[in-house]
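# Coordinate analysis (summary)
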Amino acid sequence: MDGREGAPSFAEMVGRKTEAAYNDLVDSVAFAGEIVANLAQSVRHPGRLRWKDILLACVRVGVDSLPIIFLIGFLMGLILSFQSAVTLQRFGGEIFVPNMLGLVMFREMGPLVTCILLAARSGSAFAAEIGTMKVNEEVDALNTMGLSPTRFLVTPKILASILMAPLMTMFFNFAALVGGLIVMISLGYPLVTYTSRVFQNLQYTDFYGGLIKALVFSILVAGIGCLRGLQTRSGASAVGDSTTSAVVSGIILIAFADGIFAVAYYYLGI
Amino acid sequence: MRGEPVINVRNLTCAYGDFVVVRDISFEVNEGEVFVILGGSGCGKSTVLKHMIGLYEPAEGSVSIHGRRLTGAGERERNEILRSFGVMYQMGALFGSMSLMQNVMLPLEEFTDLPREAREMVAVAKLAMVGLDKFAYNLPSTLSGGMQKRAAIARAMALDPGILFLDEPSAGLDPVTSAELDELIRSLSRNLGITFVIVSHELASIYSIADRVIMLDKQTKGIVAEGDPRQLREGSASETVRSFFNREPAHHADDGHCPVPAEEGA
Ligand SMILES: Nc1ncnc2c1ncn2[C@@H]1O[C@H](COP(=O)(O)OP(=O)(O)OP(=O)(O)O)[C@@H](O)[C@H]1O
Ligand SMILES: [Mg+2]
């Protein structure tokens with residue numbers, strides 16, 4: 001109560017921010033635990049899952065995002081190939097562009113960009129949807145009906161993201177390869193050269209490694225989107241704040257996780 | 001006083017963080033009565049209601065329903081207590097992506113093993129009770145605010161609970177609809193013996209439905225009056241209470257009738 005009088009001092013502000021960050025961390029861990037418990041329960045009793053909700057979420061997360069996935073993937077493949085071809089041409093090395101493109105896309109850029117798009121499109125949508133339900137007391141209504149919001153609202157969205165993100169990543173990679181192909185064909189190389197070169201030093205581990213990344217990123221993005229939605233407070237700007245926070249937190253989490261993956265894959269030799 | 005107490009509120013203090021909304025209030029609700037919580041806007045009526053239904057943990061004190069507490073109950077006991085009451089929220093809180101029918105059927109799907117046709121019949125019957133059976137397949141967003149509220153009452157009654165909590169059922173309704181709703185409440189209470197806990201500030205409806213009221217006050221953060229509303233209008237010692245019942249602004253300054261902006265969202 002005392003804090004309301006006058007402007008808070010610097011030390012007080014630092015203290016409050018730290019406390020808020022700590023509480024957020026505790027909430028996130030508790031929420032992660034709840035999700036894991038719920039997913040485990042879903043595996044044991046698949047009949048209790050709300051399949052209609054899951055399919056609907058799959059359409060929203062996956063199918064509806066195909067145009068933007070194709071567009072960004074295609075442009076990234078095109079631009080990356082073109083710029084590196086221009087540079088490598090000076091050394092007569094533009095033949096290596098497909099090798100690089102395949103590796104970069106499947107290992108790194110594919111999962112990363114796909115899941116950033118996922119955060120922007122679906123993480124924010126999850127936060128907005130659940131946040132609006134929170135403001136309208138619908139989440140309270142679920143609670144007093146004895147229906148867990150995690151099971152009803154969160155689990156279908158996370159499952160849909162887990163199912164869709166690897167597929168979306170593959171579509172993204174495919175679109176990027178098409179973009180690269182156009183550059184190489186315009187430089188006068190035949191299709192066969194391109195395809196054989198793309199897969200020349202691409203291993204299955206690269207492929208799987210990328211998909212596992214996409215899987216983990218998608219859980220993080222969908223989870224934080226739902227958590228921010230559930231944390232929505234009352235007030236007109238609350239839902240907007242939650243959506244913004246969902247996207248920002250999602251991208252930060254992806255960046256952290258990608259760093260961890262880089263180190264882990266290095267030691268595992270993937 | 002009709003029956004035994006079914007809800008017991010003991011020394012309840014409700015707070016959001018450091019901000020105390022009401023302090024140390026105690027009351028009980030008896031079986032089969034229509035119990036109304038009164039008070040000016042922002043005095044904490046919804047907050048008390050949400051503490052009674054276990055959405056928030058009391059800062060201090062306890063709430064028990066049929067002698068059992070929601071806070072700290074295990075999952076099975078919690079579900080049993082939750083099934084003994086239904087709630088209508090201030091804004092209706094219907095699920096926007098489902099039709100009225102699906103809204104009412106949801107609790108039936110989750111908690112009963114009735115076949116689909118039986119569930120549909122029950123849902124239609126509940127909607128008919130509030131006069132909305134013609135709109136069973138509408139989405140909530142295509143209905144007026146008053147219709148949404150009535151649909152929310154139908155959903156709260158889906159599992160035939162013994163207690164209904166209604167947060168401002170008649171706010172925003174026209175006088176005729178509001179009177180119909182009061183009639184519905186009276187008949188449910190008389191015929192089915194349902195216990196009602198209602199938050200309201202509609203004086204007309206309070207006189208016609210309430211068996212007993214308590215009045216909360218923003219200034220003292222407590223109960224300022226308790227009893228039969230007709231008697232309170234005549235014989236209350238407190239000026240706040242008399243001015244509320246006689247619809248006059250209270251004379252002392254800084255009364256709870258003007259919301260204090262600094263406290264919003266504290
Ligand atoms: N989730 C919340 N977090 C913090 N403060 C809140 C919250 N909900 C309500 N409050 C505050 O608690 C006080 C009581 O609010 P409450 O909603 O219980 O009032 P009310 O009596 O139901 O009012 P009304 O008649 O307008 O519905 C208000 O000052 C409000 O600002
Ligand atoms: Mg209220």
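Everything below is about the structure shown above.
Residues numbered from 1 in each chain as written. Chains lettered and ligands numbered in written order. Predicted model: local features only at pLDDT ≥ 70, side-chain atom pairs only at ≥ 80, totals over all residues. Heavy atoms only, no water.

For chain B, the helix and strand inventory stands at 9 helices and 10 strands. In summary, chain B has a C-alpha radius of gyration of 19 Å against a globular reference of 18 Å for 266 residues, a match within 12%. The dimensions of chain B, computed from C-alpha atoms along their principal axes, are 60 × 45 × 40 Å. A buried classification covers 52% of the 266 residues belonging to chain B. Long-range pairs, those at least 24 residues apart, make up 63% of the contacts in chain B between residues at least 6 apart in sequence. Summed over its atoms, the accessible surface of chain B is roughly 12000 Å², and 49% of this surface lies on carbon and sulfur atoms. Of the charged side chains in chain B, 26 are positive and 36 negative, and the gap between their average positions amounts to 2 Å. (Helix = DSSP H or I, 4+ residues; strand = E, 2+ residues; numbered from the N terminus. Rg over C-alpha atoms; globule rule 2.2 N^0.38 Å. Buried < 20%, exposed > 50% of the residue type's maximum accessible area, 1.4 Å probe, protein only. Contact = heavy atoms within 4.5 Å. Areas by Shrake-Rupley, 256 points an atom, 1.4 Å probe, with all protein chains shown as cover. Lys, Arg positive; Asp, Glu negative; His and termini not counted. Charge placed at Lys NZ, Arg CZ, Asp CG, Glu CD.)

Geometry of a packed helix pair, given as the angle between the helix axes and the separation of the axes. Residue and element names in this part refer to chain A. Here helix α4 (residues 97-135) crosses helix α9 (residues 238-268) at 150°, and the two axes come no closer than 8 Å. In terms of their interaxial angle, α4 and α9 are classed as roughly antiparallel. Taken as a pair, α4 and α9 cross one another with a handedness that is right-handed. (Axes fitted to C-alpha atoms, helices over the stretch in contact; angles between N-to-C directions. Parallel < 35°, antiparallel > 145°, perpendicular 65-115°, else oblique. Left-handed = near helix turned anticlockwise from the far one by under 90°.)

Within a sheet, adjacent strands bond to each other through the backbone by hydrogen bonds, running parallel or antiparallel. All names here are of chain B. The strand order across the open sheet formed by 4 strands is β2-β1-β4-β5, and the pairing between neighbours is antiparallel. The outermost strands of the open sheet, each flanked by one partner alone, are β2 (19-30) and β5 (68-69). Pairing analysis gives 5 bridges linking strand β1 (residues 5-16) to strand β4 (residues 60-65), with the strands arranged antiparallel. Its bridge partner being in β4, Val9 is matched across the sheet by Val63. On top of the sheet, helix α1 (residues 45-52) reaches β1, β2 and β4; it is set at about 120° to β1, its chief contact. (Pairing = 2+ DSSP bridges.)

The next subject is the packing of aromatic side chains. All chains considered together, the criterion is met by 10 aromatic pairs over all chains. Measuring from centroid to centroid gives 5.8 Å for Phe207(A) and Tyr208(A), while their planes differ by 55°, and the two rings are tilted. A relative accessible area of 48% means that Tyr208(A) is categorised as partly exposed. With centroids separated by 5.5 Å and ring planes inclined at 80°, the aromatic side chains of Tyr266(A) and Tyr267(A) adopt a geometry described as edge-to-face. Judged by its relative accessible area of 69%, Tyr267(A) falls in the exposed class. Linked through ring pairs, Phe106(A), Tyr204(A), Phe207(A) and Tyr208(A) together constitute an aromatic cluster. In this structure, Arg155(B) is placed above the aromatic ring of Phe95(B), and the distance from its NZ or CZ to the ring centre is 4.7 Å. (Phe/Tyr/Trp six-rings, centres within 6.5 Å; stacked < 30°, edge-to-face > 60°. Lys NZ or Arg CZ within 6 Å of the ring centre and 35° of its normal.)

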